[in-house]
Amino acid sequence: MGLSEMSPVCPDVLQMDLEDIVEKIQKFQRITPREALYLFTHSDLISLGSLANQRRFALHPELRVTYVVDRNINYTNICVSKCRFCAFYRPAGHPEGYVLSKDVLAKKIQETIDLGGTQILLILLQGGIHPDLDLDFYIDMLEFIRDRFAIHVHRQALPPFPEEGRKSSAMISAVRFLRGNAMHPNGLK
Ligand code: SF4
């Protein structure tokens, strides 16, 4: 089902003219969120990619592509979600289940730095949804990284906490802490 079929929220979206939106993009004009939604739901993938590429070359005409070396560190494979496609997770109590110790975490980060890595994505510093890991665990892990390594942690989101893992009595202040002190000094954002 496309987004247009699912979205009764903006019926005027359905009356837009795709050509007008494309023309705006090609004239380097900003499109509105509704025009973007219309484009996304009515354009084929190749056309969408082509328009994105035109914008990219308008903003960055040089024929140069950059990248960073980063690493996906799975701090635990124990997970309560049990997604049917996932071959990675192990249920709690499984003999192959693990939570990385700080020593192993540090070793993996140092290996990344030694290979020229500059970033760990928190979305890549990922693992299963462990029922016993609460917010304090993640704060502690981030502080550990922040205090020892000059590496950028690109935080997209924290994992959801299962009910039984919500042990922190200071969830709100901890989230503020993550947004503030814990995340900034070492380029964590
Ligand atoms: S590790 Fe991720 S993909 Fe695998 S079962 Fe858990 S939530 Fe799903």
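Please read all numbers here as calculations on a predicted model, not as lab measurements. (Residues numbered from 1 in each chain as written. Predicted model: local features only at pLDDT ≥ 70, side-chain atom pairs only at ≥ 80, totals over all residues.)

## A look at the overall build of the protein chain
Here is step 1 of the chain: Each helix and strand in the protein chain was counted, giving seven helices and three strands.
Here is step 2 of the chain: Across the protein chain, helices and strands are ordered from the amino to the carboxyl terminus as α-α-α-α-β-α-β-α-β-α.
Here is step 3 of the chain: Of all 189 residues assigned to the protein chain, the portion counted as buried reaches 12%.
Here is step 4 of the chain: Restricting to contacts in the protein chain with at least 6 residues of sequence separation, those with at least 24 account for 79%. (Helix = DSSP H or I, 4+ residues; strand = E, 2+ residues; numbered from the N terminus. Buried ≥ 20, exposed ≤ 12 C-beta atoms within 10 Å, placed from the backbone. Contact = placed C-beta atoms within 7 Å.)

## Re the confidence of the model for the protein chain
Here is step 1 of the chain: Residue-level pLDDT values for the protein chain average 78, and 70% of them are 70 or greater.
Here is step 2 of the chain: The spread of mean pLDDT over the elements of the protein chain runs between helix α1 (residues 3-6), the lowest at 41, and helix α5 (residues 102-114), the highest at 92.
Here is step 3 of the chain: Note on residues 1-13: pLDDT under 50 across the span, and 12 contacts to partners over four residues away in sequence or across chains.
Here is step 4 of the chain: Scored below 50 in pLDDT, residues 184-189 shows 11 contacts in the model against residues more than four places distant or in partner chains. (pLDDT = per-residue confidence, 0-100.)

## Some words on the nonpolar core
Here is step 1 of the chain: In terms of nonpolar packing, the biggest core is built from 11 residues, these being Ile 73, Tyr 75, Leu 105, Ile 109, Ile 120, Leu 135, Tyr 138, Leu 142, Ile 145, Ile 151 and Val 153.
Here is step 2 of the chain: Looking at this core, the elements with two or more residues in it are α5 and α6 (135-148).
Here is step 3 of the chain: Excluding anything up to four places from it in sequence, Ile 145 contacts Ile 109 and Val 153. (Core = buried A, V, L, I, M, F, W, Y, C linked by C-beta atoms within 7 Å.)

## With respect to the site of the ligand
Here is step 1 of the chain: By nearness alone, every residue bordering the ligand is listed as Cys 79, Ser 81, Lys 82, Cys 83, Cys 86, Phe 88, Tyr 89, Gly 128 and Ile 129.
Here is step 2 of the chain: Residues belonging to the shell around the ligand are distributed by class as follows: six nonpolar, two polar and one charged. (Near = placed C-beta within 6 Å. Nonpolar A, V, L, I, M, F, W, Y, C, P; charged D, E, K, R; others polar.)

## A look at the environment of Arg 71
Here is step 1 of the chain: Inspection of the secondary structure puts Arg 71 in strand β1 (residues 70-71).
Here is step 2 of the chain: A C-alpha to C-alpha distance of 8.9 Å links Arg 71 and Thr 118, two positions 47 residues apart in sequence.

## Looking at helix α4 (residues 45-59)
Here is step 1 of the chain: With 15 residues, α4 extends 21 Å from end C-alpha to end C-alpha; this agrees with the ideal 21 Å at 1.5 Å per step.
Here is step 2 of the chain: Within α4, only zero of the 15 residues are buried, leaving the element largely exposed. (Expected span 1.5 Å × (residues − 1).)

## Here's the deal with unusual backbone geometry
Here is step 1 of the chain: One non-glycine residue with positive phi stands out, namely Phe 28, at about 65°.
Here is step 2 of the chain: Mapped onto the fold, Phe 28 is located in the loop between α2 (18-26) and α3 (33-42).
Here is step 3 of the chain: Unlike most non-glycine residues, Lys 82 shows phi in positive territory, near 55°.
Here is step 4 of the chain: Here Lys 82 shows up in the loop between β1 and α5.

## Quick word on α6
Here is step 1 of the chain: With 14 residues, α6 extends 20 Å between its outermost C-alpha atoms, agreeing within 8% with the 20 Å of an ideal straight helix rising 1.5 Å per residue.
Here is step 2 of the chain: Every buried residue belonging to α6 is among Leu 135, Tyr 138, Leu 142 and Ile 145, and all of these are buried. One side of α6 carries all its buried residues, which in axial view fall inside an arc of 100°. When the buried face of α6 is taken as reference, the exposed residues oriented beyond 90 degrees from it are Asp 140 and Asp 147. (Arc of directions from axis to C-beta.)

## A look at the environment of Leu 48
Here is step 1 of the chain: Its place among the elements puts Leu 48 in helix α4.
Here is step 2 of the chain: In sequence terms Leu 48 and Val 22 are 26 residues apart; their C-alpha atoms lie 9.6 Å from each other.
Here is step 3 of the chain: Those residues in contact with Leu 48, other than ones at most four positions away along the chain, are Leu 39 and Ser 43.

## Quick look at the packing of α2 against α4
Here is step 1 of the chain: Closest axis-to-axis distance for the α2/α4 pair is 10 Å, and the angle between their directions is 20°. Classified by the angle their axes make, α2 and α4 are roughly parallel. Taken as a pair, α2 and α4 cross one another with a handedness that is left-handed. Each of Val 22, Ile 25 and Gln 26 in α2 lies in contact with α4, whose residues at this interface are Leu 51, Gln 54 and Arg 55.
Here is step 2 of the chain: Taken together, the residues of the contact of α2 with α4 sort by class into three nonpolar, two polar and one charged. (Axes fitted to C-alpha atoms, helices over the stretch in contact; angles between N-to-C directions. Parallel < 35°, antiparallel > 145°, perpendicular 65-115°, else oblique. Left-handed = near helix turned anticlockwise from the far one by under 90°.)

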